[in-house]
Each structure stands twice: as C-alpha cells, then as structure tokens.
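Spelled out from the first residue to the last, the chains are:
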Amino acid sequence: MDDSALHILKTTFGYQEFRGSQSAIIQQLINGNDAVVLMPTGGGKSLCYQIPAMVRNGTGIIISPLIALMQDQVSSLQQLGVNAAYLNSTLDAAEAADIENRLLAGRLDLLYVAPERMMTPGFLGLLEQIDIALFAIDEAHCVSQWGHDFRPEYIQLSILHERFPQIPRIALTATADEPTRNEIISRLDLSAAQQFVASFDRPNICYRITQNQGNARDALLRFILNEHEHDAGIVYCLSRNKVEQTAEWLCTKGLTALPYHAGLPAKKRQKHQQRFLMEDKVIIVATIAFGMGIDKPDVRFVAHLNMPKSIEAYYQETGRAGRDGLPADAWMMYGLQDVIKLKQMMDSSEADEKHKRTEQHKLQSMLGFCELTSCRRQGLLRYFGEQLEQSCGNCDTCLSPVETWDATVVAQKALSAVHRTGQRFGVTYLVDVLQGKDMERIKNFGHDRLSVYGIGDELDSHQWRSVFRQLIAHNLLSVDIEGHGNLLLTESCRPVLRGEQTLMLRKESKQAKTARKGRKSYNTSKASDSQLWEALRACRKQLAESNNVPPYVIFHDATLVEMVERQPQNREQFSRISGVGESKLEKYADDFLAVIQSHVEQLNPEKTDTVAESLQLFKSGMTIEVIAEQRNIKPSTVYTHLAACIEQGDIKLNDVVDISEQELTAIQEAILATDDGQEKLRPVYDALDGMFEYEVLRCVRAAMTAA
Ligand code: ADP
Ligand code: ZN
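## A few points about the domain arrangement of the protein
Structurally, the protein comprises domain 1 (3-197), domain 2 (205-399), domain 3 (404-506), domain 4 (527-603) and domain 5 (610-706). Computed over C-alpha atoms, the centres of domain 3 and domain 5 are 88 Å apart.

## Side note on the coordination of the zinc ion (ligand 2)
For the zinc ion (ligand 2), the full set of protein donor atoms is C375 (SG), C392 (SG), C395 (SG) and C398 (SG), at a range of 2.3 to 2.4 Å. The coordination sphere of the zinc ion (ligand 2) comprises 4 donor atoms, whose angles at the metal cover 102 to 118°; the geometry is tetrahedral. In the primary sequence, the donor residues of the zinc ion (ligand 2) line up as C-x16-C-x2-C-x2-C. With C375 in the loop between helix 16 (353-370) and helix 17 (376-383) and C398 in helix 18 (residues 396-399), this pair connects stretches of sequence that are 23 residues apart. C398 shares its class with C375; the two are buried.

## Section: the sheet that holds strand 11 (residues 282-286)
Taking strand neighbours across the sheet as the criterion, the 6 strands line up as 8-13-12-9-11-10 in an open arrangement whose pairing is parallel. Here the strands that pair on one side only, and so sit at the sheet edges, are strand 8 (205-211) and strand 10 (256-260). In this sheet, adjacent strand axes meet at a mean angle of 15° when their direction is disregarded. One ladder, built from 4 bridges, connects strand 12 (residues 299-304) with strand 13 (residues 328-334); its direction is parallel. Bridge pairing links A303 to W331 in strand 13. In the packing of helix 13 (residues 266-278) onto the sheet, contacts are made with strand 9 (232-236), strand 10, strand 11 and strand 12, and the angle to strand 10 comes to roughly 140°. Of the strands in this sheet, strand 8, strand 9, strand 12 and strand 13 touch helix 14 (residues 311-318), which is tilted by about 150° from strand 12.

## Section: the side chain of T246
Here T246 shows up in helix 12 (residues 240-252). Discounting chain neighbours no more than four positions away, the residues touching T246 are L220, C237, V285 and L305.

## As for the site of ligand 1
Surveying the vicinity of ligand 1 reveals 15 residues, the closest of which are Y15, G42, S46, R323 and H556. At 2.9 Å from a nitrogen atom of ligand 1 is found a main-chain nitrogen or oxygen belonging to E17. A distance of 3.0 Å is found between an oxygen atom of ligand 1 and a backbone nitrogen or oxygen belonging to G44. Out of a free accessible area of 560 Å², ligand 1 has 84% covered by protein chains. Top contributing element to the shell around ligand 1 by residue count: helix 3 (residues 45-55), with 3 residues.

What counts and what doesn't
Residues numbered from 1 in each chain as written. Chains lettered and ligands numbered in written order. Predicted model: local features only at pLDDT ≥ 70, side-chain atom pairs only at ≥ 80, totals over all residues. Heavy atoms only, no water. Domains from an automatic or database assignment. Donors = N, O, S within 2.8 Å, 3.2 Å for Na, K, Ca; no water. Tetrahedral: all angles 85-135°; square planar, octahedral: opposite > 155°, others 65-115°. Helix = DSSP H or I, 4+ residues; strand = E, 2+ residues; numbered from the N terminus. Buried < 20%, exposed > 50% of the residue type's maximum accessible area, 1.4 Å probe, protein only. Pairing = 2+ DSSP bridges. Axes fitted to C-alpha atoms, helices over the stretch in contact; angles between N-to-C directions. Contact = heavy atoms within 4.5 Å. Near = heavy atom within 4 Å. Polar contact = N/O pair within 3.5 Å; in protein donor to acceptor, adjacent residues only side chain to side chain. Areas by Shrake-Rupley, 256 points an atom, 1.4 Å probe, with all protein chains shown as cover.

Take a look at the structure:
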C-alpha cells in the first residue's frame, strides 16, 4: 500500500486503517488505472477517490448529481483542512470565477461539479489547462435509463475517456443489481476497469416488517416514541396527501416532522431538507422523492407506511439509515391495499409491456419478501445474489420467530371462493361471502347459493384478509392487471386446490412483538455516560452553529461515542479517537476536552482533581517536564495547574519560575500596562517582545492576584 495514502488516512481523516477493499481501490487509482466500485451506503466510498485525488498530482474532479451532497462533502473536507470546492448553480458568477481561478492556479485537491456543468465546452476547456488527478463519477447508476435516478447528462460522461484518455476514472454506486452494473460499464466505457463489489449487507440495520391491521399510524407513533424519541428519521408514504397528513399528525404528538414531496414549492423542500440536516431530532415524512443525495450519517430509523414497489427500492430507502455504522431500524407496515395501489400505479404508467411485466415481477418479489417467515437479511441478500450462511439475529423474524400453521384447507376455501364467483371480486367481498354475510349485493349475484357461502366462520375477517394477502404473496392468487382489485387464480394454485400440496402460512400476531424499549444510537446503562453524551452533543451543536455546518460535519456520533467510552484527558489521547485528524484536533480538541474534564470533575471531585495531582508531584520534587511526561499532559498544562496553586497560596512564585527581581518587575509592569480586564496574556507577551514564555507570565500574574 502506498505510504502516503495511509498517512493521509491517519492524519487528515483520523482513521487508523482502511476498510474492506478501500485500500485496493485507492492503490488502483494511484497507479493510474480505472475502477468500478459497488459498495453499500455507508461502506466508505468517498475515501476511495478523495485520498488518491490528494496523493496524485493535480485536482480530482468529482461528478456528483446532487447539490446537497456536494455541499456536504465539501464542508466536511474543508473541516478536515482539505482544499476542496464545488461548482454548481447555487454559486453566483463571481464565486464561480473565484473557484475557477483557484482551479487554474492548481490550488484545489478536489473539485465537485454537477454533470450538466461538466459537459459545457467552457468547463472542458478549463480542464484542458490543468493537471487532473482523476475523474470520479459518483452515483454512477444515474446512467441507467431504467432507474428512477436517470440523468441524461450522465450518458455523455463517456467523452471524458475520449478527451482525457490518460486520466484514471472511478465510477461508484450503491445500486447493487447486475443490469445496472453492466449499464454503467458499457455506457461509461469502463470495460477495462477493475471491478470491486463489496457485500451489500448492512449489519447495523435491524429489519422489521409488520402487517397493517388498520392501525399503522398509531403503530408508527409507538415505534418512534418507544425507540427513537430523540432521533432523526425518515418516514416514507406512497402519496403526497398521506405525507402531509402524517407529518401534521406527528407534529400534534409533539414530534418535529416535516413533509417533503415533489408537489411542494422548491423553497420549502429546500428548507425542510436543510432543517433535517442541521437540527437534531427532525423527522422527514416523504415520498420517494426524498433521499438520494442525503448523506446524513445519523439517520436512526427509516419507516415505511406503505410497501415500496420493489426490493431494490426497499433496500435503497432503508439504506439511508445508519450510514455511520451505529444501530439503526428499518421499520415497515404494509397491507394488501398497498399491493393494489401499486399495481394500479404501474398499470397507468407509460412504460411498454415488457417493462410493466418486469415491474409486476419485482412487486411480487417484494410481497414475497414481506411475507417471509425466515430471516429477512438472508432473504434480502439472496435477492441480490449473495449468500448469508446463518440467520442474522437482527431482524424481526430472527428476534421473534414467526409461528406458522397448516392453512391448506382454509386456502382451498379461499381459492374456491375466487373461482366460484368468477374471479371478478376483491378481497372484501370474498371474505363477506365466505363468512356468509346477509347482504343485498351477495344475494343479487346469487352468491348466497354457492357452496362456498358461509363456509368460513373459523376465521374472523382480519384473519381472512391475512390469508388472502399471503396467497397473493405466494403467487397462488394475483391481483387483476387492470387494477380493479379483483383476484385471479394463477397456474400455481392447482396443486393446493387439489390437495396435493400443504400450505403453511404465518400466524398473525395482534401486536408487533418486536418493539424494544429505549434503543438508542448510544446505548448505555450508565446514567453518567448519557449525561456526558448529551453534554458532548450540546458542545457539537454549538460548534456546528458557529461554523454553519451540520453537526455531523464537526464529528460523527461514532466519534462522540468513543469520547464517552474512553474519556480522553489530553490532546494526545484525544487524537487517538477515530475520526479525529490533525485539523479537527487543532480546531475542536480543547472544547471537547473541557466538556469531558468538567464532567469528570463533577463526578469525582477529590480523586480527579488534576491540579492537586500536579501539585503533589511538584511538591515531591519532580520537575515540570517529568510531571508532564508521567501524567501524559503538556508541560504548559502543568504550568497552568501550578499557576492556580500560586494563586491559591499553596506555593510561591519562585518555587516554580526562576527569574530575577528586575525581570519580575518588568513583567508586572507589562501586565498592569496591558490590563484591559480580559486577562489575555498575548498583549503582555508582545509588550515584552516575546522575552518570556507564556508559562512564566501566567505564574507571575497568578502571584499578583494572590498578593
Ligand atoms: P458511502 O459514500 O459509501 O455511503 P461514506 O464515504 O459516506 O460512505 O462513509 C461512511 C462513513 O464511514 C463515514 O462516516 C466515513 O467517514 C466512515 N469511514 C469511511 N472509511 C472509513 C475507515 N477506513 N475507517 C473509519 N471510518 C470510515
Ligand atoms: Zn435475521
């Protein structure tokens, strides 16, 4: 591995080692070769191009489709002390010109650009004049015409290779499926690139799916209040109306929930997104229009109030939870109504027949996934062609195994009811017939005279609906393609009808059993630790506000968690926390150390009195340097401790510093002359032309206060 890459990882990013294939990918680019990277969200894709861009000569050009994402990445890099900038439509002409000048002067390590700007003759002309370290094509699945993130400009990106054949390129995406991957490779002319395909497992996400028994909204509220009252999350709904209503309703329950959908004015959407990024505990209620380009790492839950239209969509949407690797929940509630609605939406779309059939098929797979009685994670990964040997222990079916029952006879009754009524009716009507309801409509059709009329009183109507839903999920019934919601028999229902096949179905529990109390991103049983956690979060929030960046750009939750666990006492220890690089050490160590210090002192005043400890060692005859080394703090800190002791009268000034009477007078005069009530030492230091160290000045001042 290239030494400089590892060095940058440690000093700039503050991480100790590369993850997974990061180092191989980085090496590939440093060597000047191309790469295609498929890695799940949160896998650490950004480092794969950021580090080689910094190692290689010239500027790394990153093509990124979303403005919010660019801004986020650039502010994070700037916090790390990296020369990074972006060019997009939010900049005015002067700002853009300034960045172009920096680019031409070779003063940028990384430049993020929107694809439409990338392809302008003006920008391509600029690129001809500079050294380019690499091209990174982020969200590369945007070249795929079938995906819902399709960007026409992405297709033109193949000309990069023609115009700049020597420059290494890296295409990255978290979209897992093979057709998309092949499309990326062929459209971007990357067939010679090495492919890096990571596992798509997201072990920190707990998957939970329950059936909607008409109580979805209450269940959602319970889930949030019980498990994520203080967290940021996303709630997905199928329609704009439902988005609005749900957001409003959650607000009446005391939560901060903001709607987000394509029908809102752009300004308002922008504002809601911004609040989601900048504030703590904001819940976004959205249609799928929200999410791509949201890099917020501490989204603790993603909830679906409706079923997504495919497993791909489910994976992508739930994947927005827990990018930081800390525990997160993917929670979903769905019902038969979703399936019918989705079918209707698909049917009314403009797509051709072949495309529609694919979509139907994907929906069917999604439904099957919802009805799984085995491990969800295994099912999810299997769909993407990955094998997980053991069940995961972190999904609803693992946490509370599903009970099944022999539903063969009941299924036969349901299937016969569909058959006898001519495959022209929906679930509600069929259940009425099976239960022998005394209804005008049934009589008008003469269905009260059918053999299936009233043969189903062993189940209540909820249970019957569940049976029908599962029959659809098992593909024994299908919902009419015209979208009227009437059920049709499928080929595969024959063996069950004839009694040649037993059918096991899941037993519905009345309540979602998997709710766990008090699960938080930071899970601790110690009250004192959660006090410190809150104090650190408050400190981070304040710093974020004064720097005008989202809190996670200052430090991720994972870094704060480590601070709570290790409680660093000095800069050296602080620098060893993962996520603390040189720039952030310089900028923020003192603020966070002060929070930790005051926490420790509050907890344990005598034993941890750090001043007293320094004093004791000093009195025992140790020099300041030895004390500093033994206590693993800086000598200047020991001086500060001793100055406090001088002020308290515990020791004398000349016990600590060795200066003449004349020198003492000079310092005292300078202190008095520069005194403006702010107790700053800098003016004193300057007034004395830097003849005395700050430590000496501090002790003299302490002696003056004591006297
Ligand atoms: P992706 O773009 O693949 O979704 P990111 O690049 O945003 O993922 O990285 C996800 C998180 O993992 C970020 O918080 C990032 O700082 C962190 N991360 C990435 N690489 C490492 C590493 N080698 N060690 C520790 N943390 C890492
Ligand atoms: Zn599982």
